[in-house]
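# A structural walkthrough
Take a look at the letters that make up each chain.
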Amino acid sequence: MPRCTRNPATAATQLLELGVSVPQVMAARLQRMAQAGALPSARDRREFAGMVMEKPFAFAQAWMAMWTETTLAQQQLALSLLSGAGPAAQFAQGAAALERIAGRGLAPVRRKAGANARRLGKR
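Nothing here was measured: the structure is a model prediction, and the numbers come from that model.

### Describing the side chain of Arg32
Within the fold, Arg32 resides in helix H1 (residues 11–36). A relative accessible area of 11% means that Arg32 is categorised as buried. Only 2.6 Å separates the side chain of Arg32 from the side chain of Asp44, close enough to count as a polar contact.

Written as structure tokens, this is what we have:
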């Protein structure tokens, strides 16, 4: 089930946040790799392993959230068809559904990238 927030960010806002967080995380990790050299410490190895493992988990969460939101949107569309809503209302409903689906899919990736940026920025 997708996480509900008080004021969910739009997909565009989430993309902007990703655009800021991802370069920060990449720079911090590349710097760490360069400093670690050929013999990384145990702490460095944990960080490097974590950066590989976090991506499939975040993307799996994103796909599940998008699947759930798509299922809900299809149910809402079916109800609007049964209620006799006009094409303009159905189009608006579909556009809003696409925004929600994209937002739900970006949320887990944005959360992880933001958490990494905050954590790695403390050093």
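### Observations concerning the packing of H1 against helix H3 (residues 87–121)
Packing of H1 against H3 leaves a shortest axis separation of 8 Å and a crossing angle of 30 degrees. Between H1 and H3, the crossing angle belongs to the class labelled roughly parallel. Here H1 and H3 pass one another in a crossing that is left-handed. Partitioned by chemical class, the residues of the contact of H1 with H3 number 14 nonpolar, six polar and six charged.

Procedures and definitions
Residues numbered from 1 in each chain as written. Predicted model: local features only at pLDDT ≥ 70, side-chain atom pairs only at ≥ 80, totals over all residues. Heavy atoms only, no water. Helix = DSSP H or I, 4+ residues; strand = E, 2+ residues; numbered from the N terminus. Buried < 20%, exposed > 50% of the residue type's maximum accessible area, 1.4 Å probe, protein only. Polar contact = N/O pair within 3.5 Å; in protein donor to acceptor, adjacent residues only side chain to side chain. Axes fitted to C-alpha atoms, helices over the stretch in contact; angles between N-to-C directions. Parallel < 35°, antiparallel > 145°, perpendicular 65-115°, else oblique. Left-handed = near helix turned anticlockwise from the far one by under 90°. Nonpolar A, V, L, I, M, F, W, Y, C, P; charged D, E, K, R; others polar.

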